[in-house]
Amino acid sequence: MANVLRNSAKFGFSGVLSQLSIHSRHGRECVSPCFSLQQRNNSTSPKIKVDLDSSTGVAVLRMQSPPVNSLSLDFLTEFCINLEKLEMDRSCRGLIITSTLSKVFSAGLDIMEMYGKSPERCGEFWKAVQEMWLKLYGSNMATIAAINGSSPAGGCLMSIGCDYRIMVDNPRYSIGLNETQLGIVAPFWFKDTLVNTVGNRAAELSLELGLLYSAPDALKIGLVDQLVPEDQVLSTAQDTMSKWLAIPDHARQIDQCVYIIYNTSPLPLDHARQMDQCVISVCIYYI
Ligand SMILES: CCCCC/C=C\C/C=C\C/C=C/C(=O)SCCNC(=O)CCNC(=O)[C@H](O)C(C)(C)COP(=O)(O)OP(=O)(O)OC[C@H]1O[C@@H](n2cnc3c(N)ncnc32)[C@H](O)[C@@H]1OP(=O)(O)O
């Protein structure tokens, strides 16, 4: 543990995960000389748009993959590449994730990725899902989800992978890990992340019944931290981010790291990750 804490101070949580044998992770010390200033500040790709304001150190990542921002392999790959670029950029300290689509933040995993694909493709897809969660939950940046629409299943995982959640105050928007309603089971690390957010009992009820919560109900159980009118979601996220960034990065990162290490099962370890990948790939293949 002493080593983990020493490393957390040196590398931040991402760095600690890499000490625990995660591939391709980058502490904030690791600044790639490969990215030009222009590349770092603005990158546009088909499914994701990122704008980094270098005066505030805050990036806004907009998911723009109609109709519902479903998490396909292509989407997840783009998402992870963008996250990795921001992670390596010293000037970026905070990340806000939101959607350009009306009514939907993200519909979760792309159902077409889970239907009739080869075991190899299923494995690749699941690895990308794991990677998305590891990169987001383990990020050294302060992360806020500005949830401007429904966010079921994998969309909810993405939201609870952030440090703070602001949702539009609209009872028609829902959020939750509804996998059991679909006849599938949320993996253990989805469960851990939910428990870390809403506590044990609420998570148990939520997972077993596959509950989707309206925005007001999500606030009641602590699944989201704040509700705001639709037109204020981004500005509130920016204001909230400035409070998070008033805390010295190293202190926030170490605090987060200690919390996660004590409260999360060991997916960061290669063997746990591979076992999870194998089980899920087989399950998807036989669905
Ligand atoms: C032991 C067994 C273990 C098995 C293990 C297997 C897998 C892993 C286990 C768990 C992890 C799973 C995580 C997941 O994320 S699963 C995905 C769950 N997602 C959902 O349930 C969301 C479904 N969608 C909705 O509820 C709604 O679409 C919405 C997001 C609320 C938006 O509603 P709206 O009315 O605005 O749109 P439509 O419903 O009309 O949809 C428009 C369009 O989008 C298509 N679509 C919707 N969701 C998805 C999706 N997840 N993937 C792909 N495509 C999606 C929908 O079909 C419509 O398409 P069309 O062509 O008809 O226009």
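The structure we're discussing is the one just above.
Procedures and definitions
- Residues numbered from 1 in each chain as written.
- Predicted model: local features only at pLDDT ≥ 70, side-chain atom pairs only at ≥ 80, totals over all residues.
- Heavy atoms only, no water.
- Helix = DSSP H or I, 4+ residues; strand = E, 2+ residues; numbered from the N terminus.
- Buried < 20%, exposed > 50% of the residue type's maximum accessible area, 1.4 Å probe, protein only.
- Polar contact = N/O pair within 3.5 Å; in protein donor to acceptor, adjacent residues only side chain to side chain.
- Contact = heavy atoms within 4.5 Å.
- 1 Å grid on protein atoms, 1.4 Å probe; cavity = no way out; pocket = protein on both sides within 12 Å on 5 of 7 lines; lining within 4 Å.
- Points joined across faces, edges and corners; volume = space filled by probe spheres on them.
- Nonpolar A, V, L, I, M, F, W, Y, C, P; charged D, E, K, R; others polar.
- Pairing = 2+ DSSP bridges.
- Salt bridge = Lys/Arg side-chain N within 4 Å of Asp/Glu carboxyl O.

### What about the side chain of serine 99?
Examined against the element boundaries, serine 99 turns out to sit in strand 4 (residues 94-99). Classification of serine 99 as buried rests on a relative accessible area of 6%. Of note is the side chain of serine 99, whose polar atom sits 2.9 Å from the backbone nitrogen of leucine 101. Contacts of serine 99, omitting those with residues within four sequence positions, involve Met63, Asn69, Val104, Phe105 and Asn148.

### Looking at the layout of surface pockets
Each pocket or cavity is described by its volume, and for the largest pocket that value is around 490 Å³. Take the lining of the largest pocket: its biggest share by element is four residues, from helix 11 (residues 270-286). A breakdown of the residues in the lining of the largest pocket according to their chemical character gives 19 nonpolar, three polar and one charged. Along the wall of the second largest pocket there are 14 residues; nearest its centre are Tyr137, Asp163, Gln256, Tyr259 and Ile260. Secondary structure elements with two or more residues in the lining of the second largest pocket: helix 6 (188-198) and helix 10 (249-263). For the lining of the second largest pocket, the class distribution of residues is six nonpolar, four polar and four charged.

### Details of the pairing of strand 8 (residues 164-168)
Of all five residues in strand 8, five are buried; the element is thus mostly enclosed. What you see with strand 8 is no split at all: Tyr164, Ile166 and Val168 on one side and Arg165 and Met167 on the other are buried throughout. Bridge analysis of strand 6 (residues 142-147) against strand 8 gives four bridges, and the strand direction is parallel. Following the sheet pairing, alanine 145 is matched in strand 8 by arginine 165. Here strand 8 pairs with strand 11 (residues 226-228) via three bridges, running parallel. Directly across from valine 168, in strand 11, lies its bridge partner valine 228.

### A look at the pattern of salt bridges
Per the stated rule, a full pass over the model turns up twelve salt bridges. The partner of arginine 93 in a salt bridge is aspartate 249, with the nearest N and O atoms 3.0 Å apart. A residue pair is termed long-range when its members are at least 10 positions apart, and arginine 93 in the loop between helix 3 (73-88) and strand 4 and aspartate 249 in helix 10 qualify at 156 residues. Between aspartate 192 and lysine 191 there is a salt bridge, with the nearest N and O atoms lying 2.9 Å from each other. Classification of aspartate 192 by relative accessible area gives buried; the value is 5%. Here lysine 191 falls in the partly exposed class, since its relative accessible area comes to 34%. Linked through salt bridges whose partners overlap, the residues forming this network are Glu84, Glu131, Lys135 and Arg273.

### Some remarks on the environment of leucine 76
Tracing the sequence through the fold places leucine 76 in helix 3. Given the relative accessible area of 0%, leucine 76 is considered buried. Sequence separation between leucine 76 and leucine 86 is ten residues, and the spatial gap between their C-alpha atoms is 15 Å. Aside from chain neighbours lying at most four places away, what touches leucine 76 is Leu71, Phe125, Ala128, Val129 and Met132.

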